[in-house]
Amino acid sequence: MAIPKLDRLDKQILKMIGDDARVPFLEVARACDVSGAAIHQRIQKLTNMGILKGSLFVMDPEKIGYETCAYIGLNLKNPEDFDQVVEELKKIPQVTECHYTTGNFDMFIKIYARTNHHLLTIIHDQLQPLGLSSSQTLISFHSAFERQLPIPDFTEE
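Our subject in this report is the structure included herewith.

Definitions and cut-offs
- Residues numbered from 1 in each chain as written.
- Predicted model: local features only at pLDDT ≥ 70, side-chain atom pairs only at ≥ 80, totals over all residues.
- Heavy atoms only, no water.
- Helix = DSSP H or I, 4+ residues; strand = E, 2+ residues; numbered from the N terminus.
- Rg over C-alpha atoms; globule rule 2.2 N^0.38 Å.
- Buried < 20%, exposed > 50% of the residue type's maximum accessible area, 1.4 Å probe, protein only.
- Contact = heavy atoms within 4.5 Å.
- Pairing = 2+ DSSP bridges.
- Axes fitted to C-alpha atoms, helices over the stretch in contact; angles between N-to-C directions.
- Parallel < 35°, antiparallel > 145°, perpendicular 65-115°, else oblique.
- Nonpolar A, V, L, I, M, F, W, Y, C, P; charged D, E, K, R; others polar.
- Core = buried A, V, L, I, M, F, W, Y, C linked by side-chain atoms within 4.5 Å.

A tally of regular secondary structure across the protein gives 5 helices and 4 strands. Across the protein, helices and strands are ordered from the amino to the carboxyl terminus as α-α-α-β-α-β-β-α-β. Taken against the 2.2 N^0.38 rule, which gives 15 Å for 157 residues, the C-alpha radius of gyration of the protein at 20 Å runs more than 25% over that of a compact globule. In terms of overall dimensions, the protein has a C-alpha envelope of 55 × 35 × 25 Å along the principal axes. Here the protein holds 157 residues, and the buried ones make up 29% of them. A fraction of 64% describes how many contacts in the protein between residues 6 or more apart in sequence connect residues 24 or more apart.

Written out as structure tokens, the structure reads:
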């Protein structure tokens, strides 16, 4: 996959909105010494390139009642069912991430539940019927940190 070419202004914009997605475009424009319209155009360009994937508010799962966070490695009885299993996983709102992986698992999911018992219910009632040969659940006690990736310093051509 080709890495998009980003210039200094693109990187400066990405750094600012990566640090605070709610920063006003005019504040970004002033810091970058360009017009507000230029920032709007660049944001649109970065979105069209697929670098920016929208903006959203991030909720704290614990504060809305999800006390248990778990990572579950899944192995499928029939690996050709990947696409169908992914579509079924999308229907489980507590599953927030799904990754195809190498190593010991066919896929790896991140899931939130209200309690450990709720997690057990989801695993038993919603995950097991998907045709799993095995699974392994790791419960996260607490996230030490989360962050955005740094903007790489690709050589400009």
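The next thing to look at is the sheet that holds strand S4 (residues 132–140). Pairing in this open sheet of 4 strands is antiparallel, and the strands run S2-S3-S1-S4 from one edge to the other. The open sheet has two edge strands, strand S2 (95–100) and S4, and neither has a second partner. Adjacent strand axes in the sheet meet at a mean angle of 20° when their direction is disregarded. Where helix H4 (residues 82–90) meets the sheet, its contacts fall on strand S1 (68–76), S2 and strand S3 (107–113), and the angle it forms with S2 comes to roughly 165°. Of the strands in this sheet, S1, S3 and S4 are in contact with helix H5 (residues 116–127), which crosses S3 at around 135°.

For the pair helix H2 (residues 25–32) and helix H3 (residues 36–48), the least separation of the axes is 8 Å and the interaxial angle reads 105°. Classified by the angle their axes make, H2 and H3 are roughly perpendicular. Listed contacts from H3 to Phe25, Leu26, Val28 and Ala29 of H2 are Gly36, Ile39, His40 and Ile43. When its residues are assigned to classes, the contact of H2 with H3 shows 6 nonpolar, 2 polar and no charged.

A separate point is unusual backbone geometry. Even without a glycine there, the phi angle at Asp33 is positive, about 60°. You can see Asp33 is positioned in the loop between H2 and H3. Residue classification places Asp33 among the exposed residues on the basis of a relative accessible area of 70%.

Now for the nonpolar core. Counting residues in each nonpolar core, the largest one holds 19 residues, and the members touching the most others are Ile72, Leu74, Leu89, Ile109, Ile111, Leu119 and Leu127. Going through the elements one at a time, S1, H4, S3 and H5 are the ones with two or more residues in this core. Once residues lying within four places of it in the same chain are set aside, the contact partners of Leu127 are Ile72, Leu89, Ile92, Ile109, Ile122 and Leu132. Ranked by size, the runner-up nonpolar core spans 13 residues in total, among them Leu6, Ala29, Ile39 and Leu46.

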